[in-house]
Amino acid sequence: MIGRYQKIINIIKSLYGSPASERRILRKIDAFLSYRRSGGIEIAWALKTLLEKKNKKVFLDYDSLKSGKFNIQILESIKKSKTFIIILSPGSLSRCCNEDDWIRQEIKAALSHNIKILPLFTDGFDYKDLINLPEEIKELANFQGITLNYEYLYATVEKVSKYIEET
């Protein structure tokens, strides 16, 4: 009995493809946005909105997390991501000295899975903060980043979008 239903499902899939929800699960995330809530949330929302207008699939915890364990969802989403964008605002790396800090955990996951990393520097970010990072995430300081210029926000988003598309 189960075999007949599976055959019907397979025929439907061959004619119409997978259900939308299944395709969405299989689709890779173009960009995972990592940020510190204070100083980064507004930029994260703007970036997500503008990248989605360019048909990019963007993970932002506020609206991308489903019910269940958030830590597992975050780490799995990083693994599925093509690009890890970290929004570096003033003081955003200051708590990375704590092993349980989530920005630290996210950077560590991106580095360990060889995800393409793009630092996005905001006004007032102190580049010296990159020097004092813990050993396991010190490599972040070596990635080429983009400076966010609010006057040229759309040009910045265009540059980020092209970076995501690079192989």
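Trainee: Quick question: what am I supposed to make of the sheet that holds strand β4 (residues 116–121) here?
Mentor: Through backbone hydrogen bonds, the strands of a sheet pair up, either in parallel or in antiparallel fashion. Strand order in the open sheet formed by five strands is β2-β1-β3-β4-β5, with parallel pairing between adjacent strands. With one partner strand each, in any of the chains shown, β2 (58–59) and β5 (146–147) form the two edges of the open sheet. Alignment of strand β3 (residues 81–88) against β4, held across six bridges, turns out to be parallel. Residue pairing across strands places I85 opposite L118, the latter belonging to β4.

Trainee: Is there a simple way to explain the packing of helix α3 (residues 37–52) against helix α7 (residues 153–165) in this structure?
Mentor: The packing of two helices is summarised by the inter-axis angle and the distance between the axes. As a packed pair, α3 and α7 sit with axes 10 Å apart at the nearest point and diverge in direction by 65°. Judged by the angle between their axes, α3 and α7 are roughly perpendicular. At the point where α3 passes α7, the crossing takes the right-handed sense. Touching L47, L50 and L51 of α3 are L153, Y154, V157, V160, S161 and I164, all from α7. Of the residues belonging to the contact of α3 with α7, the class tally is eight nonpolar, one polar and no charged.

Trainee: Help me understand the environment of A44 in this model?
Mentor: Looking at the secondary structure, you find A44 in helix α3. Considered as a pair, A44 and I85 are 41 residues apart in the sequence and their alpha carbons are 9.5 Å apart.

Trainee: Which parts of the structure should I look at to understand the pattern of salt bridges?
Mentor: Note that side chains of opposite charge can pair when their charged atoms are close. Taken as a whole, this structure holds nine salt bridges when the rule is applied. For the salt bridge of K48 with E52, the shortest nitrogen-to-oxygen distance reads 2.4 Å. With a gap of four residues between them, K48 and E52 both fall in helix α3, about one helical turn apart. Judged by relative accessible area, which is 35%, E52 ranks as partly exposed. One salt bridge connects K79 with E76, and the closest N-O pair in it is separated by 3.0 Å. Highlighted residues: K79 and E76, both in helix α5 (residues 70–80), separated by three residues, approximately one helical turn. Among the charged side chains, a salt-bridge network with shared partners connects R36, R95 and D101.

Trainee: Just checking my understanding: could you explain the state of the cysteines for this structure?
Mentor: In a disulfide, the sulfur atoms of two cysteines are held together by a covalent bond. Applying the stated criterion across every chain, the model contains zero disulfides. In this structure C96 is a free cysteine whose sulfur lies 7.8 Å from that of C97, the closest cysteine sulfur available. Residue C96 is classed as buried on the basis of its relative accessible area of 0%.

Here is what the cut-offs are and how they apply
Residues numbered from 1 in each chain as written. Predicted model: local features only at pLDDT ≥ 70, side-chain atom pairs only at ≥ 80, totals over all residues. Heavy atoms only, no water. Pairing = 2+ DSSP bridges. Helix = DSSP H or I, 4+ residues; strand = E, 2+ residues; numbered from the N terminus. Axes fitted to C-alpha atoms, helices over the stretch in contact; angles between N-to-C directions. Parallel < 35°, antiparallel > 145°, perpendicular 65-115°, else oblique. Left-handed = near helix turned anticlockwise from the far one by under 90°. Contact = heavy atoms within 4.5 Å. Nonpolar A, V, L, I, M, F, W, Y, C, P; charged D, E, K, R; others polar. Salt bridge = Lys/Arg side-chain N within 4 Å of Asp/Glu carboxyl O. Buried < 20%, exposed > 50% of the residue type's maximum accessible area, 1.4 Å probe, protein only. Disulfide = S-S within 2.5 Å.

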